[in-house]
Amino acid sequence: MNIKRGKTTNEQRPDMKSLKSETCGYIKDMFAQHNMPKRVILSFISIIVMGFGISLFSVSGFGVDPFTSMNMNIASSLGISFGTYQMIINAVILLYVILVAHRGLVGVGTIFNMVGCGYTCEFFQKLIQPAIEEHYTMAARISLLIAGIITLCFACSLFFTANIGVGPYDALGFMLSRSIKLEHKWVRVITDFTVILIGLIVSGGFSAILNGNFSEIKNIGIGTVITAFCMGPLINAFNKNVSAKIFNVDYEKISKELAFFMIKGSIVKNAKPVYILKAERNSNINPYRL
C-alpha cells in the first residue's frame, strides 16, 4: 500500500509542476501588458458602469439581459438578493472554468465581474426606482431602456478591451464553443436562449405564456431580445472608436476570441517546455529557485 501511494505521488508531481509553470506564465503575460494599473482601474470602473446599465434596464420594465434575467428570477424564487445569487452562480461557473476548462480565461477582471456586477446593479436600482416612480410613463421607460443599452454596451466594451480576464458567463461560452466546435456567436445564442428558458420556468413565466398572461412574465421583454441579438454591433463600435483609444491599443489586432489569445500566451511565452521540466526533475534542480 505504501509503495502504491509513493508511485501515485511521484506520478502527480510532473502535473503539479506543469500546472505551476502554466499558471506563472499566464500571470506574467497578463501583468506584462502595458498600462496594467490603468487596465485594472478601468476594468473595475467598467463593472460599476455595467451594474448601472443593468439597473436602468431593470427599472425600465422592458426586461434585462438573458443571464441577468435568469439570475433575477431564480433569486426571487429562492427569496435571496440578486447580488448574492449572481455571485454564487458566477463562482460555480468560475470553478468549472478553472478546474475543468482552462484557468487562462481568469483574471482580475473576472473577479471584479463575479463579485461586483450584481451588487452594483442592486445598489443603483434602489436609488433609481423611488426617483422614477412619480414619472413612470412610457416615454420615461423607453428613455431608461435606451440609456441602459448605451451604458451597458459601453461598459462591456471597456471591460473587454481592458483584457484582464473575462466574465464567468462569457468564459463558459468560450469553452463550450471550443469543446463542441461551434462558432462562439452561435454558442452564445444557444446559452442565452437556455438561461431565458430556465428563468421562465423557475419564475412561472412559461406557464404565464401558455395561459396568455404576458403581464406576469418577470425580467424578460424587448430589452432581453435587444441584448441577446443587437448589442454586438454597438459594443464593436465602442471597442473601435472609444475603448481602443482609452487604452491606446490597436483594436484590429485584438482577436474576436480574446480569451484564447491569453491562453496561448500563458503556454507559449512564459511556461517552461515539458522537456525542460523533465530535465530539471532528473537533475534535482528546483525550477522555481531564483
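Structural data are supplied above this passage.
What comes next is a walk through the structure.

Cut-offs used in this document
- Residues numbered from 1 in each chain as written.
- Predicted model: local features only at pLDDT ≥ 70, side-chain atom pairs only at ≥ 80, totals over all residues.
- Heavy atoms only, no water.
- Helix = DSSP H or I, 4+ residues; strand = E, 2+ residues; numbered from the N terminus.
- Buried < 20%, exposed > 50% of the residue type's maximum accessible area, 1.4 Å probe, protein only.
- Contact = heavy atoms within 4.5 Å.
- Areas by Shrake-Rupley, 256 points an atom, 1.4 Å probe, with all protein chains shown as cover.
- Phe/Tyr/Trp six-rings, centres within 6.5 Å; stacked < 30°, edge-to-face > 60°.
- Lys NZ or Arg CZ within 6 Å of the ring centre and 35° of its normal.
- Disulfide = S-S within 2.5 Å.
- Core = buried A, V, L, I, M, F, W, Y, C linked by side-chain atoms within 4.5 Å.
- Expected span 1.5 Å × (residues − 1).
- Polar contact = N/O pair within 3.5 Å; in protein donor to acceptor, adjacent residues only side chain to side chain.

Some words on the overall build of the chain
Secondary structure assignment for the chain yields 13 helices and 0 strands. Within the span of the chain, comprising 290 residues, buried residues form 44% of the whole. Intrachain contacts of the chain at a sequence separation of at least 6 include 79% that bridge at least 24 residues. Accessible surface for the chain amounts to roughly 15800 Å². Of this, 65% is attributable to carbon and sulfur atoms.

Observations concerning the packing of aromatic side chains
All chains considered together, the criterion is met by 5 aromatic pairs. When the ring of Phe 44 is compared with that of Phe 112, the centres are 5.4 Å apart and the planes differ by 75°; the resulting orientation is edge-to-face. Placement of Phe 44 in helix 2 (residues 36–60) and of Phe 112 in helix 5 (residues 108–132) is noted, with a sequence separation of 68 residues between them. Note on Phe 44: relative accessible area 45%, which makes it partly exposed. Between Phe 52 and Phe 124 the ring centres are 5.1 Å apart and the planes differ by 70°, which places this aromatic pair in the edge-to-face class. On the criterion of sequence distance, the pair formed by Phe 52 in helix 2 and Phe 124 in helix 5 is long-range, its members being 72 residues apart. One aromatic cluster in this structure is built from Phe 52, Phe 123 and Phe 124. When the ring centre of Phe 62 is taken as reference, the NZ or CZ atom of Arg 141 above it lies at 4.2 Å.

Some details on unusual backbone geometry
For Lys 181, which is not glycine, the phi torsion reads 60° and is therefore positive. Inspection of the secondary structure puts Lys 181 in the loop between helix 7 (168–180) and helix 8 (184–203). Residues other than glycine seldom take positive phi values, yet Asn 219 does so here, at roughly 65°. Turning to its location among the elements, Asn 219 is positioned in the loop between helix 9 (205–210) and helix 10 (222–229). What makes Asn 219 partly exposed here is its relative accessible area of 25%.

Thoughts on the state of the cysteines
Such a bond, covalent and formed between the sulfur atoms of two cysteines, is termed a disulfide. For the structure shown, the criterion picks out 0 disulfides. Take Cys 156: it sits in no disulfide, and the sulfur closest to it among the cysteines is that of Cys 153, at 6.5 Å.

Concerning the nonpolar core
Membership of the largest hydrophobic core comes to 20 residues, with the highest contact counts inside it found for Met 50, Ile 54, Phe 57, Leu 145, Ile 149, Leu 152 and Cys 153. Those elements giving two or more residues to this core turn out to be helix 2, helix 5, helix 6 (138–162) and helix 11 (231–247). Looking at this core, the element that brings in the most residues is helix 6, giving 6 residues. Listed in part, the 16 residues of the second largest apolar core include Phe 67, Met 70, Tyr 85 and Val 166.

Focus: helix 6
Given a rise of 1.5 Å per residue, 25 residues ought to cover 36 Å, and the 36 Å separating the end C-alpha atoms of helix 6 matches this to within 8%. One or two residues past the end of helix 6 sits Asn 163, with phi positive at roughly 60°.

A look at the side chain of Thr 224
The topology assignment puts Thr 224 in helix 10. Here Val 64 takes part through its backbone oxygen, which lies 2.7 Å from a polar atom of the side chain of Thr 224. With near-sequence residues (within four places) excluded, Thr 224 lies in contact with Phe 62, Gly 63, Val 64, Asp 65, Pro 66, Ile 196 and Asn 219.

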